[in-house]
Amino acid sequence: MGYAHEYARAVLHRGRVPMEPADHVVNWDDSPRRGKYYPHAETFALPGTEDLADVPVAPGLLPGSAGTTDADGVPGFGLTLLSAMLKDSYGLTGRRLGIQANTDLAGLPYYQHANWSRGTAGGGGLYPVSIHWASGPSGPLVPGLHYYDVHRHAVQRLLAGDVTGTVHEALGPDAPRAALDTDQYLILGVKYWQNSFKYNSFSFHVVCTDLGTLVQTWRVWARARGLRISPVLWFDEPRLNDLLGVPGEDEGIFAVVPLRWGGTPPRTGNDIRDVVRRGQGHRPTVRHRDAERSRTLLDFTALTDMHTATLEDATRHPPAGALAAAAPFAIRTTPDAARVPLPEPALPEFGVRRALRERRSSFGRFDARRAVDAGPLSSVLAACAGTGLVEDTDPCGPDRLTRLYVFVNHVAGIEPGAYAYDPDGCLLRLVVPGPQGTFLQENYFLANYNLEQAGAVLVPTVRTRTVLDVLGDRGYRLAIGTVGAVAQSFYLAASVLGLGAGVALGFDNVSFAERLGLSDTDESPLLIMALGHERPDPADFRHEIV
């Protein structure tokens, strides 16, 4: 049993036993930038995306829906599509200012504390994921390694020359074939300090959710256009750290995302072996360095230990079906417990880009005077239940990794209570009867939400211990990343349906496990996701960036 088991227990119990260092105070005046800064790297603007037609979001969010293809009829990325996906997911899309209940409200009118919106949710709004593009000969630019500058919507060339042989070597011979038959990759790193300055030891957990939210945005965006996003989580991480020129203790490499490039035929086995062979013995490395804004950087033992633990067996790709043992248990209710059928899930005509631009957290705006209809609740639940982190590289196979529970406060036609969601039967099964508002608010740590005012609060669970038993410590990234992906599906479905939404980590996980009858299992409540109508006529300022 590795260190990740100990860390998972500490996260689960942190509402009762604070994680060390318990006396950590955030120094906001010395906080890092929300993105890397390479002052001497050559910068190339990405194509504008305002003329790219939007496509319906439903095929990307609801399982079984069909998508479209790109303009040439060939499922594959081009520079304009890649630019649009980066902009819509992690680029800055606007500035928002509104009266709400979050604690940073007083500083937001000032430019240096401005709240810039993005399509993807981020833990604490810190966005520590760094996106690098390794482009080979089939790409539109001179082959090389580029960093996506979110603030300028541009790429910075960090290294010239084809490094995809190095990427292939890092992925290893056991990587899925689909991950090797291209020469275009997005490499997702996590700059730990960009999150740990605020969340200290808890930050490793938070950044794993950040990985999931970004990957899920890409999956929804790509599916709607008939494209595929399927990240690889197992690879030679130190080899890629060396390529990016960043120490592993400063920035972990969490995923490699192969991109199928439009009009490029798949590589043959000989082609792949030739690319790998060219990469062997060649050790390119980025010499540009990120200019850190913070004057004082702190180390956190639990974060360092988790990074080290998740490097173990990083190159050992899990076999297909490895996570069947970690599938959710059968729903545990009494034989006479109520079963509430839900309407068939459906989403209205709504563009992917529009859904991402309108995604936001509701921060204390919920209004219980308008109950949520059962139909929208059913659609949000279906979108969340159909979410996983990866596809053809997924060791889960067809097995679901998450279970969803619903605390119903104000939903039309459904009595208040705590329910388990049965996605196969499209129904709710009663676990705890009666009003849940007092329980929800007493076990939430912050003051930015009144959970009783939400129509419903969704809680995804994962059998974290079993995942770690099956996959080892590196499985923690997959388990928590999956929950992050669920959170992004939740936000997008709520956006499409015109409902307020808010996701939070600050709650007593143990109390929720006890409430749902999970104390004698390894099923861990990992997020709370509030859904409901917001108060009308908010006092908001909103400026869109094209």
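As the structure is a computational prediction, the values presented were derived from the model and not from experiment.

Colleague: Just give me the short version of the overall build of the chain, but keep the residues and values in it.
Modeller: For the chain, the helix and strand inventory stands at 16 helices and 17 strands. Here the C-alpha radius of gyration of the chain, 22 Å, is about what a compact globule of 546 residues would show, namely 24 Å. Along the first, second and third principal axes, the C-alpha atoms of the chain reach 65 × 55 × 50 Å. The proportion of buried residues among the 546 residues of the chain is 59%. Looking at the chain alone, contacts between residues at least 24 apart form 82% of all its contacts between residues at least 6 apart. A total accessible area of about 21,300 Å² is found for the chain, and carbon and sulfur atoms account for 52% of it. The chain carries 51 positive and 60 negative side-chain charges, and their two centres are separated by 3 Å.

Colleague: Report on the side chain of Thr-49, specifying residues and quantitative values.
Modeller: Tracing the backbone shows Thr-49 in the loop between strand 1 (42–45) and helix 2 (58–61). In this view, Thr-49 contacts Thr-80, Ser-83, Ala-84, Lys-87, His-153 and Arg-353; residues no more than four positions away in its chain are not counted.

Colleague: Just give me the short version of the pattern of salt bridges, but keep the residues and values in it.
Modeller: Taken as a whole, this structure holds 22 salt bridges when the rule is applied. A salt bridge links Arg-239 to Asp-242, with the shortest nitrogen-to-oxygen separation between them at 3.7 Å. You can see Arg-239 and its partner Asp-242 sitting in helix 8 (residues 237–244), three residues apart, about one turn around the helix. Asp-520 is paired through a salt bridge with Arg-332; the nearest N and O atoms lie 3.1 Å apart. Remark: Arg-332 occurs in the loop between helix 10 (301–309) and strand 9 (339–341) and Asp-520 occurs in the loop between helix 16 (509–515) and strand 15 (523–525); sequence separation between them is 188 residues.

Colleague: So what about the sheet that holds strand 3 (residues 116–117)? Which residues, and what values?
Modeller: Strand order in the open sheet formed by three strands is 3-2-17, with antiparallel pairing between adjacent strands. Sheet topology places strand 3 and strand 17 (540–544) at the edges, where each strand pairs with a single neighbour. Two strands pair when backbone bridges link them, and strand 2 (residues 94–98) and strand 3 are joined in this way by two bridges, in the antiparallel orientation. Its bridge partner lying in strand 3, Arg-95 is registered against Trp-116.

Colleague: Can you tell me about helix 1 (residues 3–12), naming the residues and giving the values?
Modeller: Taken together, the buried positions of helix 1 are occupied by Ala-4, His-5, Tyr-7, Ala-8 and Val-11. Here the buried residues of helix 1 occupy an arc of 165° about the axis, which is enough to place them on one side. Looking at the buried side of helix 1, the elements it contacts are helix 7 (203–223), helix 10, helix 14 (464–471), helix 15 (475–496) and helix 16.

Colleague: Describe the packing of helix 12 (residues 374–385) against helix 15, naming the residues involved and giving the relevant values.
Modeller: Contact pair helix 12 / helix 15: the axes reach a minimum separation of 8 Å and the direction vectors enclose 150°. Here helix 15 runs roughly antiparallel to helix 12, going by the angle between their axes. As helix 12 packs across helix 15, the resulting crossing turns out to be right-handed. Mapping the contact onto sequence places Val-380, Ala-383 and Cys-384 in helix 12 and Val-486, Ser-489, Phe-490, Ala-493 and Ala-494 in helix 15. Within the contact of helix 12 with helix 15, the residues separate by chemical class into seven nonpolar, one polar and no charged.

Colleague: Let's hear about the environment of His-543: which residues, and what values?
Modeller: Among the secondary structure elements, His-543 is positioned in strand 17. On the basis of relative accessibility, which here comes to 44%, the residue His-543 falls in the partly exposed class. Excluding anything up to four places from it in sequence, His-543 contacts Thr-93, Gly-94 and Arg-95.

Colleague: Describe the sheet that holds strand 5 (residues 144–149), naming the residues involved and giving the relevant values.
Modeller: What the six strands build is an open sheet, ordered 1-6-5-4-7-8; its pairing is antiparallel. Each having just a single partner strand, strand 1 and strand 8 (251–258) make up the two edges of the open sheet. The mean angle between the axes of side-by-side strands here comes to 30°, regardless of whether they run parallel or antiparallel. One ladder, built from seven bridges, connects strand 7 (residues 184–191) with strand 8; its direction is antiparallel. Opposite Ile-187, over in strand 8, you have Val-256 as the bridge partner. Running over the sheet, helix 3 (residues 79–89) touches strand 4 (129–135), strand 5 and strand 7 and is turned about 170° from strand 4.

Colleague: Now, about the nonpolar core: what can you tell me, with residues and values included?
Modeller: Among the nonpolar cores identified, the biggest contains 119 residues, and Phe-77, Leu-188, Trp-218, Ile-414, Leu-428 and Tyr-476 are the most heavily contacted of them. Per-element tally for this core: the top contributor is helix 15, with 14 residues. Not counting chain neighbours up to four residues away, the residues in contact with Ile-414 comprise Val-340, Leu-342, Ala-374, Leu-377, Val-408, Tyr-419 and Leu-428. One finds Leu-158, Val-167, Ala-170 and Ile-187 within the second-largest nonpolar core, a separate group that totals 25 residues.

Colleague: How would you sum up the confidence of the model for the chain? Please name residues and give values.
Modeller: Confidence along the chain averages 91 in pLDDT terms, with 91% of residues attaining 70 or more. Note on residues 66–72: pLDDT under 50 across the span, and 15 contacts to partners over four residues away in sequence or across chains.

Colleague: A description of the packing of helix 1 against helix 10 should follow, citing residues and the corresponding values.
Modeller: Closest axis-to-axis distance for the helix 1/helix 10 pair is 9 Å, and the angle between their directions is 140°. Taken as axis vectors, helix 1 and helix 10 run oblique relative to one another. Like other packed secondary-structure pairs, helix 1 and helix 10 cross with a definite hand, here left-handed. Seen from helix 1, the contacting residues are Tyr-3, Ala-4 and Tyr-7; seen from helix 10, they are Ala-302, Asp-305, Met-306 and Ala-309. Class assignment for the residues of the contact of helix 1 with helix 10 results in six nonpolar, no polar and one charged.

Thresholds applied
- Residues numbered from 1 in each chain as written.
- Predicted model: local features only at pLDDT ≥ 70, side-chain atom pairs only at ≥ 80, totals over all residues.
- Heavy atoms only, no water.
- Helix = DSSP H or I, 4+ residues; strand = E, 2+ residues; numbered from the N terminus.
- Rg over C-alpha atoms; globule rule 2.2 N^0.38 Å.
- Buried < 20%, exposed > 50% of the residue type's maximum accessible area, 1.4 Å probe, protein only.
- Contact = heavy atoms within 4.5 Å.
- Areas by Shrake-Rupley, 256 points an atom, 1.4 Å probe, with all protein chains shown as cover.
- Lys, Arg positive; Asp, Glu negative; His and termini not counted.
- Charge placed at Lys NZ, Arg CZ, Asp CG, Glu CD.
- Salt bridge = Lys/Arg side-chain N within 4 Å of Asp/Glu carboxyl O.
- Pairing = 2+ DSSP bridges.
- Arc of directions from axis to C-beta.
- Axes fitted to C-alpha atoms, helices over the stretch in contact; angles between N-to-C directions.
- Parallel < 35°, antiparallel > 145°, perpendicular 65-115°, else oblique.
- Left-handed = near helix turned anticlockwise from the far one by under 90°.
- Nonpolar A, V, L, I, M, F, W, Y, C, P; charged D, E, K, R; others polar.
- Core = buried A, V, L, I, M, F, W, Y, C linked by side-chain atoms within 4.5 Å.
- pLDDT = per-residue confidence, 0-100.

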